[in-house]
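Per-entry structural report
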Amino acid sequence: MIHGLTFKEYVEEEKQKLSEMSGAEKKQYFIDYYLKFVIGVCVVILILIWMIVDLALNMRNVVVTGGVVNVVMSDEGYDYLQDDYLEYLQLSTKGNKAYLGNIFLNGDDPQSYTVFNAEIATNTYNYVITDNDGLEFMAKVECLADMNEVLDKDLYDKLKDNLVYKKSGESGSEIAAAIDITDTAFTKDYIQTGEKVYFVISGNAEDYESGLNILRYILEKK
């Protein structure tokens, strides 16, 4: 019931009112009685559409997760490691995603270290591209794969002169913690720095291959 009328009776009454109004009166009547309702309905519809799209995007299969730490990379570089990588794998961007986070560790902001430490402790990243400060921090928290153990023979033969050794965690054992990618076409094209740039693999051992696949892809850049 609407104002004591059935819906059908209410519609007929409104039609009768409108038929007796001029164009200007109809416009003002709509503004006075219906505009807020229409706007509210549109807002609700937009929110529902946003929620559905957001849910669909978040449900995409995550092919690989990476982090860019203390390094300024161009938008083209992010595209290369995300959508272009999915295209390289012949995977649809609708059902898959290659995630890439951006982190700057700031000595004046201890929280940046705390957040990053929590992320790597929970195996958020399969790989990280970083500068020396980021590499030193990651080596201290003992979250890096030993490249001597994870590289296959072809990659090892190609990269053995670019391996960077660091002492890992409290044990202080030395591992091949990173690969120097400073002189690669990828770094020269996409990363704005005059310093060394390193590639590391982290996360769960069963996911190391995801990081290695990205490494192979980066090395193929001409």
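Thresholds applied
Residues numbered from 1 in each chain as written. Predicted model: local features only at pLDDT ≥ 70, side-chain atom pairs only at ≥ 80, totals over all residues. Heavy atoms only, no water. Phe/Tyr/Trp six-rings, centres within 6.5 Å; stacked < 30°, edge-to-face > 60°. Helix = DSSP H or I, 4+ residues; strand = E, 2+ residues; numbered from the N terminus. Buried < 20%, exposed > 50% of the residue type's maximum accessible area, 1.4 Å probe, protein only. Pairing = 2+ DSSP bridges. Axes fitted to C-alpha atoms, helices over the stretch in contact; angles between N-to-C directions. Contact = heavy atoms within 4.5 Å. Patch = residues over 30% accessible without salt bridge, like charges linked within 9 Å, V, L, I, M, F, W, Y side chains within 5 Å. Areas by Shrake-Rupley, 256 points an atom, 1.4 Å probe, with all protein chains shown as cover. Salt bridge = Lys/Arg side-chain N within 4 Å of Asp/Glu carboxyl O. Lys, Arg positive; Asp, Glu negative; His and termini not counted. Charge placed at Lys NZ, Arg CZ, Asp CG, Glu CD.

Summed over the entire model, instances satisfying the criterion amount to 11 aromatic pairs. An angle of 15° between the planes, with centres 4.3 Å apart, marks the rings of Tyr80 and Tyr217 as stacked. With Tyr80 in helix H4 (residues 75-81) and Tyr217 in helix H11 (residues 208-220), this residue pair connects regions lying 137 residues apart in the sequence. A relative accessible area of 10% places Tyr80 in the buried class. A relative accessible area of 5% places Tyr217 in the buried class.

For the rest of this paragraph, the subject is the pairing of strand S5 (residues 173-180). A large share of S5 lies buried, amounting to 6 of its 8 residues. In the sheet, strand S4 (residues 163-168) pairs with S5 via 6 bridges, with the strands oriented antiparallel. Along S5, the bridge assignment pairs Tyr165 with Ala176. Count of turn residues in the S4/S5 antiparallel hairpin: 4 residues, of which Gly169 carries a positive phi of about 60°. Inspection of the sheet shows S5 paired to strand S6 (residues 198-201) by 2 bridges, in the antiparallel sense. The residue of S6 that forms the bridge with Ile179 is Phe199.

Attention now goes to the sheet that holds S6. Strands in a sheet are paired, the pairing made by backbone hydrogen bonds, and the direction either parallel or antiparallel. The 6 strands are arranged S2-S1-S3-S6-S5-S4 in an open sheet whose pairing can be described as mixed. Taken across any chain shown, the strands that pair with only one partner, and hence form the sheet edges, are strand S2 (96-103) and S4. Taken pair by pair, the neighbouring strands of this sheet meet at an average axis angle of 30°, ignoring direction. Strands strand S1 (61-69), strand S3 (127-130), S4, S5 and S6 of the sheet are contacted by helix H7 (residues 132-140), whose axis makes an angle of about 45° with S4.

All right, on to unusual backbone geometry then. In this model, Asn70 sits at a positive phi of 60°, which is unusual for a non-glycine residue. Take Asn70: it is sitting in the loop between S1 and H4. Look at Gln90: it is not a glycine, yet its phi comes out positive at around 60°. Relative to the helices and strands, Gln90 is located in the loop between helix H5 (83-88) and S2.

A contiguous patch of negative charge, built from Asp75, Glu76, Asp79, Asp83, Asp84 and Glu87, is present on the exposed surface. Looking at the negative patch, the elements that each hand over two or more residues are H4 and H5. Relative to the assigned elements, Asp79 resides in helix H4.

All chains considered together, the criterion is met by 6 salt bridges. Across the pair Lys196 and Asp180 runs a salt bridge whose closest N-O atoms are separated by 3.3 Å. Residue Lys196 is found in the loop between helix H10 (185-190) and S6, and its partner Asp180 is found in strand S5; the two are separated by 16 residues along the sequence. A salt bridge links Asp189 to Lys221, with the nearest nitrogen and oxygen atoms 2.7 Å apart. Of this pair, Asp189 sits in helix H10 while Lys221 sits in the segment after H11, and the two are 32 residues apart along the sequence.

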